[in-house]
Amino acid sequence: MKLIRLIYASAARTEMSYAELTNILRTAEAHNGQQGITGILCYGGGMFLQALEGERAVVNALYNRIIADPRHEQCEILRYGRIATRRYDQWKMKFVGIDDPATAHRRDLVLRHSGTSNFTPLQMTGGQASALLYDLSHEFRIAA
Ligand code: FAD
């Protein structure tokens with residue numbers, strides 16, 4: 001099986017409400033579970049950053065579906081490549097919000113990885129985006 005990880009960034013067409021984000025998450029969890037997709041989806045300030053992991057053809061098909069979604073635009077692939085193991089295998093799709101004031105430490109991670117505390121994933125390199133998502137996921141990891 002050719003396992004790959006795809007990381008992309010995009011801009012929401014309109015600021016997303018909690019209900020709208022929950023709706024995306026429900027759909028993602030339902031479909032991703034059936035298709036062996038794992039990943040993490042980050043949202044803040046009207047921007048998305050998402051990592052999708054799984055079998056190459058399945059991830060490609062999902063990405064094509066996602067970029068056609070009218071809820072966002074300016075989708076840009078930041079990193080795409082073969083992986084030996086999954087990083088986000090604990091989640092069909094883990095959601096991490098950046099805007100919540102109770103989670104200021106997430107802004108610190110954004111600052112550390114991008115040089116600005118504004119969450120602007122479309123300006124990030126693939127390496128920065130990959131490292132940020134990985135560090136953000138640590139808060140939620142369950143030790144094996
Ligand atoms: P409908 O258009 O109502 O479904 C049409 C048919 O296609 C149904 O039979 C349905 O079961 C089937 N179908 C739909 N989606 C899939 C799928 N992914 N695989 C196989 N069959 C499918 N969606 C995800 O599935 N996973 C994600 O990780 C994900 N991340 C997203 C991130 C962002 C930022 C955004 C904006 C959207 C994301 N979505 C994701 C939603 C995605 O763009 C589509 O809206 C969603 O896949 C459509 O699901 P639906 O059942 O409402 O589709």
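What counts as what
Residues numbered from 1 in each chain as written. Predicted model: local features only at pLDDT ≥ 70, side-chain atom pairs only at ≥ 80, totals over all residues. Heavy atoms only, no water. Helix = DSSP H or I, 4+ residues; strand = E, 2+ residues; numbered from the N terminus. Rg over C-alpha atoms; globule rule 2.2 N^0.38 Å. Buried < 20%, exposed > 50% of the residue type's maximum accessible area, 1.4 Å probe, protein only. Areas by Shrake-Rupley, 256 points an atom, 1.4 Å probe, with all protein chains shown as cover. Lys, Arg positive; Asp, Glu negative; His and termini not counted. Charge placed at Lys NZ, Arg CZ, Asp CG, Glu CD. Pairing = 2+ DSSP bridges. Axes fitted to C-alpha atoms, helices over the stretch in contact; angles between N-to-C directions. Contact = heavy atoms within 4.5 Å. Near = heavy atom within 4 Å. Polar contact = N/O pair within 3.5 Å; in protein donor to acceptor, adjacent residues only side chain to side chain. Expected span 1.5 Å × (residues − 1). Arc of directions from axis to C-beta. Phe/Tyr/Trp six-rings, centres within 6.5 Å; stacked < 30°, edge-to-face > 60°. Lys NZ or Arg CZ within 6 Å of the ring centre and 35° of its normal.

Chemist: Could you give an account of the overall build of the chain, with specific residues and numbers?
Modeler: Per the secondary structure count, the chain includes four helices and five strands. Secondary structure of the chain in N-to-C order comes out as β-α-β-β-α-β-β-α-α. At 14 Å, the chain has a C-alpha radius of gyration in line with the 15 Å of a compact globule built from 144 residues. With the principal axes as the frame, the chain shows a C-alpha extent of 40 × 35 × 25 Å. Looking at the 144 residues of the chain, the share that counts as buried comes to 44%. As displayed, the chain offers around 7600 Å² of accessible surface, 51% of which is attributable to carbon and sulfur atoms. If the 17 positive side-chain charges of the chain are averaged to one point and the 14 negative ones to another, these points end up 8 Å apart.

Chemist: I'd like a description of the sheet that holds strand β2 (residues 38-44), backed by residues and values.
Modeler: Read across the open sheet, the five strands follow the order β4-β1-β3-β2-β5; overall the sheet is mixed. What marks the edges here is a single partner per strand, and that holds for β4 (72-82) and β5 (94-97). With direction set aside, neighbouring strand axes in the sheet form an average angle of 15°. The sheet contact formed by strand β1 (residues 3-12) and β4 spans eight bridges and is antiparallel. Across the sheet, the residue bridging to Ala11 is Glu73, located in β4.

Chemist: Help me get a handle on the environment of Gln74, residues and values and all.
Modeler: Mapped onto the elements of the fold, Gln74 is located in strand β4. When the C-alpha positions of Gln74 and Ala11 are compared, they lie 6.0 Å apart, and in sequence the two are 63 residues distant. The residues contacting Gln74, other than those within four sequence positions of it, are Ala9, Ser10, Ala11 and Leu122.

Chemist: Residue-level account of the side chain of Ser130, with values.
Modeler: Turning to its location among the elements, Ser130 is positioned in helix α4 (residues 126-138). Among the residues examined, Ser130 registers a relative accessible area of 5% and is labelled buried.

Chemist: Explain the site of the ligand to me, using residue names and the numbers behind them.
Modeler: Around the ligand there are 17 residues in total, and His31, Asn32, Gln35, Arg65 and Asp69 lie nearest to it. In this structure, Gln35 approaches the ligand through a side-chain N or O atom, which is 3.0 Å from a nitrogen atom. Between the ligand and Arg65 there is a distance of 3.1 Å, counted from a nitrogen atom to a side-chain nitrogen or oxygen. Examining the composition of the shell around the ligand, we find that six residues originate from one element, helix α1 (residues 18-35), more than from any other.

Chemist: Run through α4, naming residues and quoting values.
Modeler: For α4, spanning 13 residues, the distance from its first C-alpha to its last is 19 Å, which sits close to the expected 18 Å at 1.5 Å a residue. Buried residues of α4: Gly126, Ala129, Ser130, Leu132, Leu133, Leu136 and Ser137, and no others. Within α4, the buried residues cover an arc of 165° as seen down the axis, which keeps them to one side. Elements in contact with the buried residues of α4: β1, β2, β3 (47-55), β4, β5 and α3 (104-114).

Chemist: Explain the packing of aromatic side chains residue by residue, including any values.
Modeler: Under the criterion given, the structure shown has two aromatic pairs. Relative to Phe48, the ring of Tyr43 lies with its centre 4.9 Å away and its plane at 50°, an arrangement referred to as tilted. For the residue pair Tyr43 and Phe48, the accessibility class agrees, reading buried in each case. When the ring centre of Tyr134 is taken as reference, the NZ or CZ atom of Arg87 above it lies at 4.4 Å. Across from the ring centre of Phe140, 4.3 Å away, lies the NZ or CZ of Lys94, which sits over that ring.

So yeah, pure geometry; function would need other evidence.
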